[in-house]
Structures are given as structure tokens and as C-alpha cells.
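Descriptive analysis of the structure
Residue-level listing of the chains:
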Amino acid sequence: MASKKVCVVGAGVSGLISARELRREGLDVTVMEQSDGVGGQWLYDPATDIADSLGTAGVHSGVYASLRLNSPREAMGFSDFPFYPRDGGDARRFPGHGEFLRYIRDFCAAFGLMDAVRLNTRVVHVGVAPGAGDDGRLRWLVRCRRRDEVTEEVFDAVVVAVGHFAQPRLPAITGKYTISSYLNGMEKWSRRHLHSHSYRVPDSFQGEVVVIVGCHESGKDISLELRQVAREVHISVKSMDDVTPGVSKAVARHHNLHLHPQIDRLCEDGRVVFTDGSCVVADAIVYCTGYDDSFPFLETGGMITVDDNRIGPLFEHTFPPALAPSLSFVGVPTFAVLPRFYEVQARWVAQVLSGRRALPSPEEMLSCVHEYYRTKEMAGVPKRQTHNLLFDLEYCDEFGRKYCDFPKLDEWKKELFWWTINKSRDNHESYRSYSNFYHDNVIKLPVSWGPVHFVIRMTGAEWQPMWQATHDHPDVPSFHSQIDLCTVVASLGTQSL
């Protein structure tokens, strides 16, 4: 019996891990990728679409040149492919985007996934194929464009692993971000304005007065970078609840960095007026206001909708009840340990498609979705945050255990993860440069990867391998969890590589 044909849309992190897990289950996988390389958003492109500075039709990646990871590399790898530094690479604990792209490419090569990837292939249509198969199950028609050639192919299942960070979201005067009600005066603004999706380097802002709209990760990063070259940088926040202690400290520390409430209106003469009545004359505005999820290729007759970034209905953020299991989504949740959670999703999808696991009935899944919505609404969570997991690491562990027997995240990684979040809130400027671990100067790291054991010391924000040996070495203990390096060094002695 021929194995099921599965199309994965996107060769970013979630698409590649989906392909790997699907192959492990013996499925026939094809990955469609619109770019000329794998990596998705991490495939940095220095160019932007100058004719569309708001980014609504610009280049695919929104990565800026100076971007560094905001999670430690120990927590950023897949479960069986750690994100270790490589020779000649960026060995920092919070490396730049290029190092993570290399990691993605290494992962792709290590598991032989490139032969399943079709590059420069844009998916323009995914819909139910006419007629059911011999088994009565849905099939999916996938139409792609590669340069001037359009092709169609029928698949047994489709995994959607794209849709985020491609459609910039612009601000509105209501305080709720919508695409139909832009900021008052935006259409009359004659000076430079751009979405952070189109920001790359600070050079062109030399000596200017810049307003940054938004104060989440990109807003903080770009504000702190621009204040080094701009005359003034003014950060506008929707709510003072968005202002972390670290932002307040940065504003107090730098004379040209200023904090303001939400923008009331933009004026043709270059004035930006805030809701407290204050104003500045600005040369440029950068909107760091996030993205709208978008799946323009997906046609389901209304069975799946996107409403203020609520993609639904999706059972456990993954399966649409009426179309499962032949259609699934990997990579929808935010504010989790990524890409690990995507790996869990991908494994679950693969095991369901292979027949190793079964889903509840469509009715049961839909009921669960509605109950989840009710719980969120009662807690006052905006619809836009439906897929925000709020860093609930215990939920993530339980998700993996329940649906695919995925191992729990190591406790030391959880500690490091929370340490990072707390440090970033306290001091956004310096948290990536902390020299030691989170307490008592004792570094605790896993030291086995396949047949090789490592003892690793953090010096500054970099890794230094101190000792390694194979299992054949008589003095090598079998490490399976965290260790105290002081104990290891004391018992084995210091043996430099």
C-alpha cells in the first residue's frame, strides 16, 4: 500500500520539523517553499520594498540586521538536535539571527530533508479536491506557482506551517489594532513611515527625530538601536502596562530616549500628537505593532476563519474539527518554548496521519474549542491572544505527554527560561550579556549528545568546551540529566581539548 502523500506549506522552522516527523512515520512528504532557501522568517534579506515601506506587500522576512535571539540557545533547539555553537559561528548564549539560520540549515541537512523541499515554489491555492478517494476521505488540491509555471497536485493531507509575520499590522486610533481603521492622519502623513517588517539598519535615521509605535520586543530593540544614531527617539505605548522596568531604566539612562502614551493623530506638518496633548515634530515613524495571521491560499468555504488572529476553530491549536486529520496547522501558538512546542505539534500530526493515534470525534473537538474560547473570554483574554500560551510550561509538558508521549522539558531549562524572561524585563539592554548562569555562579548543563560527552563552561556570554570523550573512554560517566560542573571537574580533572 502506497504511503500517504502529505504537502507541507513552508520550509521554516515549523515546516521542516513537520517534514522530519512525517517522514519518521513513513509518510511521503513534499515541502513547498516560496523563497530560494529554507529558514522561513530567519532567511534574512537586506532588501526591502521601498515602494511599500509599510510592508503590506514587501519582502517575506522581517528580520533586521542586528536581531539577536531573545531566548537562550539551550532552550531553542529541537529535542534531539541541540543548538550547540559550531566552529567559526556565533558562540554567544543569545546569538544573532544568522547563527540560528545556520542551525536550521544544519538540521535540514542532518535529517536529509532538502530532497523533499521545492524552493521558489509559492502555494497559491489549497482546497478540497473534487470527489473523495476510494476510502471516502478528503483529498487536497494544491496549486503552486514556480516562476511562470503553474502546477496542480492532489495530496492526502496538508500541513500549514506558514501564515505568521508576513502581513504587517498597522495601528488604529481606537487602541485596538485593525486593518480597516488606520491611525488618525496616517493617510496624510507625508514624511517617512515604515513598519518594523521593513526595518533593517539604523544608518538612514542619523540625526533624525523618530517615533516608535509599540514597545514589545521589536519596539524595544529598534528603539535602543536607533537612539545611538538618531537625535531623539520617542516611544509611544498603547498602555503603560506595556512598559517594563527595563524600558523605564533605559529611558532614564539615555537623554534622547523618551516615553509617551498612545498617538492621538498625525499631522501633515510632521507633528505627532499624543493623547496627553504633548507633541513632537518627527522625521520618521516606525510601527512596531505586530502582524496579522494570513492564509490567502487556503480555501475552505468558511470552515476555517481568521478573526483578529484567532484561527478557528482549531482543536488544541492544531486540527480544524470538520477537516481533520487531513488538514492541520503547525506553528500557530505563541509565547511558548519554541521551536520545541512546534516539534510536539508536528509529532502529534504525524502520528495521527500515520494511524498510530486517533483524534476525538469532530463534535468532541468542536466542543473543546468552544469551551476553550469561553474560558479565555471569562478570563478577559482578548480574541487576538487566543493562541498565546502565556509561557504555561506545564501545559506544554502535558500537551506533549497526552498527545504523543513527548518528554517533559528539563527542569534546568525551565529555570533558565524564566531567568531570561525576568532578566529581560528588568534590563532589556543587557540581559543577553549576563556572564554567568542565574544563581551562585554554578553552571548546570546537560553534557551528553549521542556518543559524545561535553563539559562546557560559560565564559562571558560564550561557550568553552573543556573536555570531551567517547563512551569508550573508561573514565566517562553516563550523564543523563543536569550536573554541577564543579563536581565533574573535581572528579575528572581538567583535560583541555
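All of these numbers come straight from a predicted model, not from anything done at the bench.

Comments concerning the overall build of the protein chain
Looking only at helices and strands, the protein chain features nine helices and 24 strands. A burial count over the protein chain gives 52% of its 497 residues as buried. Sequence-distant contacts in the protein chain: of pairs separated by 6 or more residues, those separated by 24 or more amount to 63%. As presented, the protein chain carries roughly 22400 Å² of accessible surface, and 51% of it is formed by carbon and sulfur atoms.

Quick word on helix 7 (residues 393–404)
For helix 7, spanning twelve residues, the distance from its first C-alpha to its last is 16 Å, which sits close to the expected 16 Å at 1.5 Å a residue. Buried residues of helix 7: Leu393, Cys396, Asp397, Phe399, Gly400, Tyr403 and Cys404, and no others. The buried side chains of helix 7 occupy one side of the element, clustering within an arc of 160 degrees when seen end-on. If you follow the buried residues of helix 7, they end up packed against helix 5 (340–353) and helix 8 (411–426). Looking one or two places after helix 7, you find aspartate 405, whose phi comes out positive at around 55 degrees.

A short note on the sheet that holds strand 13 (residues 263–266)
Strand order across the open sheet formed by three strands is 13-14-15, with antiparallel pairing between neighbours. Looking at which strands have only one partner, the edges of the open sheet turn out to be strand 13 and strand 15 (279–281). When the angles between neighbouring strand axes are averaged without regard to direction, this sheet yields 20 degrees. Across three bridges, strand 13 lies against strand 14 (residues 271–274) in antiparallel orientation. When the bridges of strand 14 are listed, leucine 266 appears paired with valine 272.

Focus on the sheet that holds strand 4 (residues 122–128)
Spatially, four strands are ordered 6-5-4-18 in an open sheet, and the strand pairing comes out mixed. Two strands in the sheet have a free side with no partner beyond their single neighbour: strand 6 (149–155) and strand 18 (298–299).

Observations regarding the confidence of the model for the protein chain
Here the protein chain averages 85 in pLDDT, while 82% of its residues score no lower than 70. Note that residues 173–181 has pLDDT below 50 and, in this model, 23 contacts with residues that lie over four places away or in other chains.

Quick word on the packing of aromatic side chains
Under the definition given, this model contains 28 aromatic pairs. Here tyrosine 64 and tyrosine 199 contribute two aromatic rings whose centre-to-centre distance is 6.0 Å and whose plane-to-plane angle is 65 degrees, an arrangement assigned as edge-to-face. Of this pair, tyrosine 64 sits in the loop between strand 2 (28–32) and helix 2 (97–110) while tyrosine 199 sits in the loop between strand 9 (192–195) and strand 10 (209–213); the two residues are 135 residues apart in sequence, bridging distant segments of the chain. According to the relative accessible area criterion, tyrosine 64 is buried, its value standing at 5%. Feature note: the residues Trp42, Phe78, Phe81, Phe83, Phe100, Tyr103, Phe107 and Phe111 constitute an aromatic cluster, connected by ring pairs. Its end group placed over the ring of phenylalanine 155, lysine 5 keeps NZ or CZ at 5.0 Å from the ring centre.

Details of the environment of aspartate 203
Residue placement: aspartate 203 occurs in the loop between strand 9 and strand 10. Through-space distance from the C-alpha of aspartate 203 to that of valine 229 is 7.3 Å; in sequence the pair is 26 residues apart.

Thresholds applied
Residues numbered from 1 in each chain as written. Predicted model: local features only at pLDDT ≥ 70, side-chain atom pairs only at ≥ 80, totals over all residues. Heavy atoms only, no water. Helix = DSSP H or I, 4+ residues; strand = E, 2+ residues; numbered from the N terminus. Buried < 20%, exposed > 50% of the residue type's maximum accessible area, 1.4 Å probe, protein only. Contact = heavy atoms within 4.5 Å. Areas by Shrake-Rupley, 256 points an atom, 1.4 Å probe, with all protein chains shown as cover. Expected span 1.5 Å × (residues − 1). Arc of directions from axis to C-beta. Pairing = 2+ DSSP bridges. Axes fitted to C-alpha atoms, helices over the stretch in contact; angles between N-to-C directions. pLDDT = per-residue confidence, 0-100. Phe/Tyr/Trp six-rings, centres within 6.5 Å; stacked < 30°, edge-to-face > 60°. Lys NZ or Arg CZ within 6 Å of the ring centre and 35° of its normal.

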